Number of protein chains: 4
Amino acid sequence: MTRSFQKLNEEKVFKDPVHRYIHVRDRLIWDLIGTSEFQRLRRIRQLGTTFLTFHGAEHSRFGHSLGVYEITRRVIDIFKYRSLWDDSETMIALCAALLHDVGHGPFSHSFEKVFGTDHEKYTQKIILGDTEIHRLLNEQGDGFAEKVADVIGKTYPNRLVVSLISSQIDADRMDYLLRDAYFTGVSYGHFDMERIWRVMRSQDDQIVYKLSGMHAVEDYIMSRYQMYWQVYFHPVTRSAEVILTQILHRAKVLYQNDFRFKHTPTPLIKLFEGEMELRDYLKLDESVIMYFFQAWQEEKDTILSDLCCRFMNRRLFKYVEFTPELIGSKDELTGAFREAGIDPDYYLEVDSSSNSPYDLYRPGEEGERQPIQLLMPDGTLHELSQESDVVGSITGMRRTDCKLYYPKDRVLDLPDDSQSKRKIREILGI
Amino acid sequence: MTRSFQKLNEEKVFKDPVHRYIHVRDRLIWDLIGTSEFQRLRRIRQLGTTFLTFHGAEHSRFGHSLGVYEITRRVIDIFKYRSLWDDSETMIALCAALLHDVGHGPFSHSFEKVFGTDHEKYTQKIILGDTEIHRLLNEQGDGFAEKVADVIGKTYPNRLVVSLISSQIDADRMDYLLRDAYFTGVSYGHFDMERIWRVMRSQDDQIVYKLSGMHAVEDYIMSRYQMYWQVYFHPVTRSAEVILTQILHRAKVLYQNDFRFKHTPTPLIKLFEGEMELRDYLKLDESVIMYFFQAWQEEKDTILSDLCCRFMNRRLFKYVEFTPELIGSKDELTGAFREAGIDPDYYLEVDSSSNSPYDLYRPGEEGERQPIQLLMPDGTLHELSQESDVVGSITGMRRTDCKLYYPKDRVLDLPDDSQSKRKIREILGI
Amino acid sequence: MTRSFQKLNEEKVFKDPVHRYIHVRDRLIWDLIGTSEFQRLRRIRQLGTTFLTFHGAEHSRFGHSLGVYEITRRVIDIFKYRSLWDDSETMIALCAALLHDVGHGPFSHSFEKVFGTDHEKYTQKIILGDTEIHRLLNEQGDGFAEKVADVIGKTYPNRLVVSLISSQIDADRMDYLLRDAYFTGVSYGHFDMERIWRVMRSQDDQIVYKLSGMHAVEDYIMSRYQMYWQVYFHPVTRSAEVILTQILHRAKVLYQNDFRFKHTPTPLIKLFEGEMELRDYLKLDESVIMYFFQAWQEEKDTILSDLCCRFMNRRLFKYVEFTPELIGSKDELTGAFREAGIDPDYYLEVDSSSNSPYDLYRPGEEGERQPIQLLMPDGTLHELSQESDVVGSITGMRRTDCKLYYPKDRVLDLPDDSQSKRKIREILGI
Amino acid sequence: MTRSFQKLNEEKVFKDPVHRYIHVRDRLIWDLIGTSEFQRLRRIRQLGTTFLTFHGAEHSRFGHSLGVYEITRRVIDIFKYRSLWDDSETMIALCAALLHDVGHGPFSHSFEKVFGTDHEKYTQKIILGDTEIHRLLNEQGDGFAEKVADVIGKTYPNRLVVSLISSQIDADRMDYLLRDAYFTGVSYGHFDMERIWRVMRSQDDQIVYKLSGMHAVEDYIMSRYQMYWQVYFHPVTRSAEVILTQILHRAKVLYQNDFRFKHTPTPLIKLFEGEMELRDYLKLDESVIMYFFQAWQEEKDTILSDLCCRFMNRRLFKYVEFTPELIGSKDELTGAFREAGIDPDYYLEVDSSSNSPYDLYRPGEEGERQPIQLLMPDGTLHELSQESDVVGSITGMRRTDCKLYYPKDRVLDLPDDSQSKRKIREILGI
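Each value, and the rule that gives it
- For every chain, the first residue of its written sequence is number 1, and the numbers climb from 1 along that sequence.
- Working convention: letters from A go to chains and numbers from 1 go to ligands, in the order in which they are written.
- A pLDDT threshold of at least 70 governs which residues receive local features in this predicted model, and a stricter bar of 80 or more applies before side-chain atom pairs are shown or counted, although totals over entire chains, interfaces and linings include all residues.
- The basis for every side-chain value is the complete set of non-hydrogen atoms in the structure, without hydrogens or water.
- When DSSP finds at least two bridges between two strands, those strands are taken to pair.
- Counting from the N terminus, the helices are DSSP H or I runs at least four residues long and the strands are E runs at least two residues long.
- For helices, the fitted axis covers only the stretch in contact; all axes are lines through C-alpha atoms, and the angles between them, taken along N-to-C directions, range from 0 to 180 degrees.
- In this entry, domain limits derive from an automatic or database-based domain assignment.
- Note on contacts: a residue pair is in contact if any heavy atoms of the two residues lie within 4.5 Å.
- We define buried area as the total accessible area lost by two parts upon association, computed with a 1.4 Å probe and summed across both.
- Whenever Lys or Arg places a side-chain nitrogen within 4 Å of a carboxyl oxygen from Asp or Glu, that contact is recorded as a salt bridge.
- N or O atoms closer than or at 3.5 Å make up a polar contact, with two conditions inside protein: a donor-capable atom paired with an acceptor-capable one, and, for residues adjacent in sequence, both atoms drawn from side chains.
- The copies were overlaid by least squares, fitting only the C-alpha atoms of residues that reach a pLDDT of 70 or more in each copy.

A. The arrangement of the sheet that holds strand β7 (residues 373–375) of chain C in detail. Residues and elements named next belong to chain C. Read across the sheet, four strands follow the order β3-β4-β7-β8 without closing on themselves; strand pairing throughout is mixed. The strands lining the two open edges of the sheet, one partner per strand, are β3 (200–203) and β8 (381–383). The sheet shows a mean angle of 45° between the axes of neighbouring strands, taken without regard to direction. Note: β7 against β8, three bridges, orientation antiparallel. In the sheet register, Leu375 faces β8, and the bridge partner there is Leu381.

Here it is as structure tokens:
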């Protein structure tokens, strides 16, 4: 039986630079957007430290979440027109689309690395715990909130609904590729989304693509590949990420060693102590982090203050390729740093990005190995890489980019007669 | 004599969604961008509270400042090609373009209203005071920093340089119209910037426009008009601005009355006390403000905590037209609010936007009354509104939009038998 | 009773640069597009001689017709969602939208001037006469073709249907402004079409616009104004139009005087003789015209061959403003041309464009004086110019542009001691 | 010694939808554009029969030629800024860019197939023969015209100049990818042209690309791949091409057999006879072809009239994959067609497109096997496919698409008891 959801008297819209307008016709969607947990996404950047590389990338997860909702809404409309859709699933799918990222915190990737937090778990907690969002979902009847959580957790029985929100070509990725391309201004990231929608079919409980749309899918795969290497894995962004991670790491170490902060990071203490309740987690946003990073420029600990100064003023680490040769000299290099008084625990960091074009994820995304299936004219399914020469030739290919980050300025500022300076420059080839 | 400025070995570029690429060829420009004062602009939104109306408008003054620099650079190139430009002025103009907004603080408009700060004065102080920027400018020779400051202060003798940076059609406005349109996603704000550049001529020490480009100028004027009323003066944005102003106002009052804050706003105290040094001013950014607004949701003062909760979670005031009829009932309305226990000093605010299409400024901009001159084929100058039917017909026209803002939810939550509720609803017609 | 129209098994699409995709779901629409009368629109440029001014404007009426259909389809979808639409009118409206321009011939404006043809009458004949289109429409039942013709002829009783296709803000104009802007590449012509759709309401059997959408309507009016003066009335386009008209005129005169053409314009003879049957009219397209214009460069009549050479190779007439002063000297000028051996009947032509911003039509469109009505919050209707300051100030304003066209090269090539050369140059100020 | 070329008093511009503006500053360029040979390019579509598949693709070679000129101009400006350019070559390069396609006739591909014409030879003849273009070039001094011809013929000694105009990433391809994408409206075809320009270097007399720009080059290669298969090799376009070729073929056969045409194709007769002089060639354009195709719908020869009717009204052939299985049945199929009275010489045609992503050419382009070289940080050159995983994996890959075209409607119209109908349907699987 289809539950009946309340419609708004008048459709509401958000002006959106990517989809022109986001259309909201259901009271529940409108109310979810108005919750404090959802509004908080305005204070969390979509692309973390990327704004230090591409200054346009200052957009937040708020707009992206609306975008994923809007794409899902439009795809469902097309599915309905083709009688591929069970309308009783509509509101579950729309809520899951809107809320799929609601558990993200500030700079999630670094936080998860240092504090072991898990934004996916927080998403579940926000949907199922003591929140405005949960109360709204719960008003829709028993089990509704759980169903939404299941879709996001990929355990929902209707696989079609799940794959709309998370699969190789889901609403999430379609929105972020287009949106991130728009805000950074790069020319990659464009693909013919409407054509992909039009060739989507449903078979064996999964989304498949008509063979005639193969080129649009190929183009999407290649756009994704370019966005990953040109934007998401950009070495300058990763340099900022390295510094950010080191700041969090240093602050935690200092806290654990009873350092007397001039500016005590009250909102972060639970994280330092290893456990953070939802209530406190929801108070975290990028303003909090930036507030402390700025204040900590005045802390007495020179590592903390220097790293914060670097992050706030974009005085990032430089990098060299971490070649096999360099791997062999890593210990020697570490020693030379230590001798020179540049703590290698904070100032010498290897960062590695690795992926294959057909199966790419941004930092922090968990893998999804479901292949893309093409629907052949005879009704059978063929896996994309079998049909597409281009995708076929790159399937299984793996590309890794491994870089060593360090503060070149500190090295160059060492006295010229310093033995360690000479050694460092020799090893790094600078 | 033309001073010689150091070139970069290799041109640097920033990817920019509006101008494709920002090109930097001079060491000085590159170094200025790297100063902490300039990097701070990344933490100040270009359009203040507008992101609460148009979620795309999360872009900062950093990108805008680069954009103004880039436009200036390109226009100078064209002027050079036409031998209209004295090359010894180039670096002064480029620095002024880059730095014209560097004195902006967070939510400048509200801050200036509550604390009487003046971002223009801070711009001057940053260029002339004890800053990284000043040191860099000063290295270019005696008086260089002063000249840059003079251009921004509009007292520089070369009027052509001044009018590139601030006039009716200056690099500042050209960039912000295009940029704000891009990030909000609205379809207004577009005009043919390249054509305007091409018809720019220099006469009597001012920039004039060839008659053949009149339509492009008309289109620019109309774009500006639409952007003002559709974006900059949007009533929802102003509602957020009203609340923000009231928060600052309340915090100041509380501080002056020795309120014991749970979260003492250390970085703001000098403002509350009426004087803030440059050094402290430079530590202010939107993260600081958002940090305290978030924290203050937990303060005991219900006005402060309620207003902060409204701002953070976008529970804004509603508005009605402030009609002459309503003006007559203002006192009665104020009384009813007070009776109902809703403090009218914080919860009842008139906000007025007013401007004429030919002479428009965003909140906080000071006026610039220099008219636009067209260069006729016979070499004489005619003022735009004489030649353009469209502009002529709207010149002198003044449009004012005056609205009364109040928390509708609070009013509707009053008990139904409340006398004041009835009166408020009657007066406001809700 | 709603007639039932056959759906296509699978939706068909056309890739369209303006609307992304044109969607066809009805067999009738698909079949109409496939008729020879509709395919013929591929051979008739949307903007006549404009391609000689804006080289991108080579697009045909075929794409525009699909665009008008698509806009109508989308607006009807929105109307249906709001229950503003009687579904039994859908196919009539879609057919009328698709076919509204089907009677256009090559360079209609000039043809109508010289031969007195009327593209609107031909549209009616194509819909009602012995054509593939008529047969298809007729299969839909008695009176269906007539209804479609009535909508285009504006005599159809349902005014809502009529105003979708022809009114101040109809699907026709929305498409051509966007399309012509796209293909010429000008930055005017953009407006927020989706917002206009969203504020459309139906009242008293006409389309009205919610007050909240007034700015989008204003912006549309101003875009239209810019497109008219910057593109449609461009003096270079009009120069080409003047020459084209003179070629047709000359050919007709020659034919009537039994001139022996090397290349007899068989397909045009009926036009010269004053009567052309539908069957012959449908064979006319721009290839036919261009074929003869090219061939006629070799005719013995020097006026015909020179004019054709000018048109084919873009050696257009120059122009001066037709000032009152010049009006006074027109006879003298004509005399001087005649003396100089430059036939003023073909080489001296006044062309005038005139319109008001609120009520603009491209050459060849008949007027439509229905004003734009805004729907106020209280349910009353106010005419746009009463509410909009900008539109109000330009309403009633009339702008006229009158120019005198002549072959400057011929004048300058006259011997320097020629009396008439001196006189011509003096009068024209060249 | 640098020859000095005359500058225009005032820069002229063309509004261009792809490059915004085309800038002309040299009198020679301006005059070349004004020649009848160059203006003729307005009457030759850039993409031949593609407009029957993508209705937006009605743009001519005129705009493309301006675009190639403009890209060349801008790249030279960048090269000059980097002191990579010998200014005495500028005008030669600009003229070659502008004129590189001037020898194209209508539907060149089909014409070359049927009549053995060669548009490259005509380009040489136009530059070196008795034309307006030659006269203008010749005025620039002895040997100038020859040099321009040599650049286009790729025999010019300065390889840098040659590779600007014709190489894997030349101005020609950059323009056509962007332009064809713009006019068709497809989302492929975009790449970051400005970034490619910025990483261009000159080494060993050839253009190479800095390693840091490898991704932009990759993206260009992939865009090109998508454009080929999605646009240039589109099977519907090829169907139209097949018909067009058959029409020309049939007309030639009829002429050679003394068929009495109702509409004698005078301008084509020299082609039928195997030899066409430049003078006559220059009179050919698409209007001429379309004129006769339209007229020939009335010819008595049913093959000619049917094929013309198909082409004019887009009643194209259908197609099936030409599988090995089908190859085996080809003779049988041919026999069945013949039995059924459908002449297989005109109604059964195999068309094959084949290419590799790294080395793609549109129909009619001759191959260019020069690989793309990357400039490594150490100054050595590496071939692109060695460095780029994506390009590497597709290099050498060859994709072939072979289809059999036939008139499905004719087959289905055969009487149901026809033996040959049954056989044809069986073989073709329809």
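Let's pick the thread back up.
B. Region of the structure containing the domain arrangement of chain A. Residues and elements named next belong to chain A. The domains assigned to chain A are domain 1 (7–185) and domain 2 (235–353 + 401–428). Measuring from the centre of the C-alpha atoms in domain 1 to the corresponding centre in domain 2 gives 33 Å. Taken residue by residue, the interface counts 27 residues in domain 1 and 24 residues in domain 2. Buried surface at the junction of domain 1 and domain 2, both sides included, amounts to about 2600 Å², of which 66% is carbon and sulfur. Viewed at the interface, domain 2 and domain 1 are joined by two salt bridges. For Arg43, the salt bridge is made with Asp285, and the minimal N-O distance between the two is 2.6 Å. For the pair domain 1 and domain 2, the interface holds 14 residue pairs in polar contact (both at pLDDT 80 or more). Taken together, the elements giving at least two residues each to the side of domain 1 that touches domain 2 come down to α5 (108–115) and α6 (119–128).

C. Looking closely at the interface of chain B and chain C. Each partner contributes residues to the interface: chain B has 20 residues there, and chain C has 20 residues. Together chain B and chain C conceal approximately 1900 Å² of surface at their shared face, both sides included; 53% is due to carbon and sulfur atoms. Counting across the interface, chain B meets chain C through zero salt bridges. Where chain B touches chain C, the interface holds six residue pairs in polar contact (both at pLDDT 80 or more). Elements that contribute at least two residues to the side of chain B that touches chain C include exactly α12 (214–232) and α21 (389–394) of chain B.

D. Examining the relation of the copies chain B and chain C more closely. Overlaying chain B on chain C yields an RMSD of 0.0 Å, the required transformation being a rotation through 180° with an accompanying axial translation of 0.0 Å. Such a turn and shift between the copies fits a two-fold axis. The position closest to the rotation axis in chain B is occupied by the C-alpha of Ser393(B), lying 2.7 Å away. Of the residues that chain B buries at the interface, 100% are likewise interface residues in chain C, meaning the two copies contact each other through the same surface.

E. Spatial organisation of the pairing of strand β3 (residues 200–203) of chain D. Residues and elements named next belong to chain D. Strand direction decides the pairing type here: β3 and strand β4 (residues 206–210), joined by four bridges, are antiparallel. Following the sheet pairing, Arg201 is matched in β4 by Val208. Remark: two residues form the turn of the hairpin made by β3 and β4, two consecutive strands paired antiparallel; Asp204 in that turn has positive phi of roughly 45°.

F. Up close: the relation of the copies chain A and chain B. Each copy superposes on the other: chain A lies on chain B with an RMSD of 0.0 Å after a rotation of 180° and an axial shift of 0.0 Å. Most of the interface of chain A is mirrored in chain B, where 100% of its interface residues again form contacts.

G. Geometry of the sheet that holds strand β8 (residues 381–383) of chain A. Residue and element names in this part refer to chain A. With mixed pairing, the four strands of this open sheet are ordered in space as β3-β4-β7-β8. Two strands in the sheet have a free side with no partner beyond their single neighbour: β3 (200–203) and β8. Here the strands of the sheet are splayed against their neighbours by 45° on average, with no regard to which way each runs.

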